[in-house]
Amino acid sequence: MVEKKHLDVGNLTGEKNKLFIEYGAGRAGLSSFAAEKLKEHIQDDKSKEKSIKFMIIDRDTRRRKLDKTFRDEFETFREKMDIADFNLEAFISHLQEEGKLVKQNELYCIAKHLCGGATDLSLCSILER
Ligand SMILES: C[S@@+](CC[C@H](N)C(=O)[O-])C[C@H]1O[C@@H](n2cnc3c(N)ncnc32)[C@H](O)[C@@H]1O
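The rules behind each value
Residues numbered from 1 in each chain as written. Predicted model: local features only at pLDDT ≥ 70, side-chain atom pairs only at ≥ 80, totals over all residues. Helix = DSSP H or I, 4+ residues; strand = E, 2+ residues; numbered from the N terminus. Buried ≥ 20, exposed ≤ 12 C-beta atoms within 10 Å, placed from the backbone. Contact = placed C-beta atoms within 7 Å. Near = placed C-beta within 6 Å. Nonpolar A, V, L, I, M, F, W, Y, C, P; charged D, E, K, R; others polar. pLDDT = per-residue confidence, 0-100. Pairing = 2+ DSSP bridges. Axes fitted to C-alpha atoms, helices over the stretch in contact; angles between N-to-C directions. Expected span 1.5 Å × (residues − 1).

Undergrad: Explain the overall build of the protein chain here, please?
TA: Check the secondary structure of the protein chain and you find 4 helices and 4 strands. Taken from N to C terminus, the helices and strands of the protein chain fall in the order β-α-α-β-β-α-β-α. When burial is assessed residue by residue, the protein chain has 25% of its 129 residues classed as buried. Relative to all contacts within the protein chain whose residues are 6 or more apart in sequence, the contacts with residues 24 or more apart total 71%.

Undergrad: Can you help me understand the site of the ligand in this one?
TA: What surrounds the ligand is a group of 17 residues, the closest being Gly24, Gly26, Arg59, His113 and Ala118. Of the residues contributing to the shell around the ligand, the split by class is 7 nonpolar, 4 polar and 6 charged.

Undergrad: Looking at this structure, how should I read unusual backbone geometry?
TA: Note on backbone geometry: most residues besides glycine have negative phi, and most peptide bonds are trans. A positive phi angle, near 65 degrees, is found at Ala28, a position not held by glycine. By C-beta crowding, Ala28 is classed as buried, having 27 other C-beta atoms within 10 Å. A positive phi angle, close to 55 degrees, is found at His113, a residue other than glycine. Among the residues examined, His113 registers 12 C-beta atoms within 10 Å and is labelled exposed.

Undergrad: Help me out: how do you make sense of the confidence of the model for the protein chain in this one?
TA: When pLDDT is low, close inspection of the predicted coordinates is not appropriate. Scored by pLDDT, the protein chain comes out at a mean of 88, with 89% of its residues at no less than 70. No element of the protein chain has a lower mean pLDDT than helix H2 (residues 46-50), at 86, and none a higher one than helix H4 (residues 116-127), at 97.

Undergrad: Could you clarify how one ought to interpret the sheet that holds strand S1 (residues 18-23) in this entry?
TA: One key point about sheets: their strands pair by backbone hydrogen bonds, in either a parallel or an antiparallel sense. The strand order across the open sheet built from 4 strands is S3-S2-S1-S4, with neighbouring strands paired in parallel fashion. Strands with a single pairing partner mark the edges of an open sheet, and in this sheet they are strand S3 (75-80) and strand S4 (106-111). Shown here is a sheet whose adjacent strand axes are inclined to one another by a mean of 15 degrees, direction ignored. By the bridge criterion, 6 bridges tie S1 to S4 in an arrangement that is parallel. Note that in S4 the partner of Leu19 across the bridge is Leu107.

Undergrad: Help me understand the pairing of strand S2 (residues 52-58) in this model?
TA: Among the 7 residues in S2, 7 count as buried, and that is most of the element. Here S2 shows two buried faces, one formed by Ile52, Phe54, Ile56 and Asp58 and the other by Lys53, Met55 and Ile57. Two elements, S1 and S2, share 6 bridges in a ladder whose sense is parallel. The residue of S2 that forms the bridge with Leu19 is Lys53. Pairing geometry for S2 and S3, over 6 bridges, is parallel. In the sheet register, Phe54 faces S3, and the bridge partner there is Thr76.

Undergrad: Would you explain helix H1 (residues 29-42) in this entry?
TA: The α-helix winds at 3.6 residues per turn, so residues separated by three or four positions along the chain end up facing the same way. The end-to-end C-alpha distance of H1, which contains 14 residues, comes to 20 Å, matching closely the 20 Å that a straight helix rising 1.5 Å per residue would cover. All of the buried residues in H1 are Leu30, Ser31, Ser32, Ala34, Ala35 and Leu38. Structurally, H1 contributes buried residues whose contacts are with S1, S2 and S4. Of the residues trailing H1, Gln43 is marked for its positive phi of about 45 degrees.

The following block contains the structure:
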């Protein structure tokens, strides 16, 4: 269980562009919670909203319920795929080529309640970058 008081977004809302990637997101509850806190902190600052993006990965797309609670403010990409097939570097390059992501980004890889196998795959995906 994520203790809400433990998420301090104060130092996550600087000038740099940020990409949050949630692995095995399911309904994207963790991204939704992070987005809620970011929204509170940046208070409708459109340039900051534009600089923050979310990427949600899950092989099951049945549970998209929470995406809509933050995709209006923060550009959000959802990929229905197995983490084993997700190439983080290629994904970032692709978004940059399409002009959807600037060159310099702070990357935040997040996950909650992943099984051991998916945790291993996520860590490999991050380390392979
Ligand atoms: C226990 S659920 C947790 C969902 C969400 N993170 C949460 O906290 O509510 C595990 C999620 O990981 C996804 N998952 C497990 N292995 C996966 C894999 N290899 N690739 C993509 N998604 C995976 C499942 O589809 C499921 O949505």
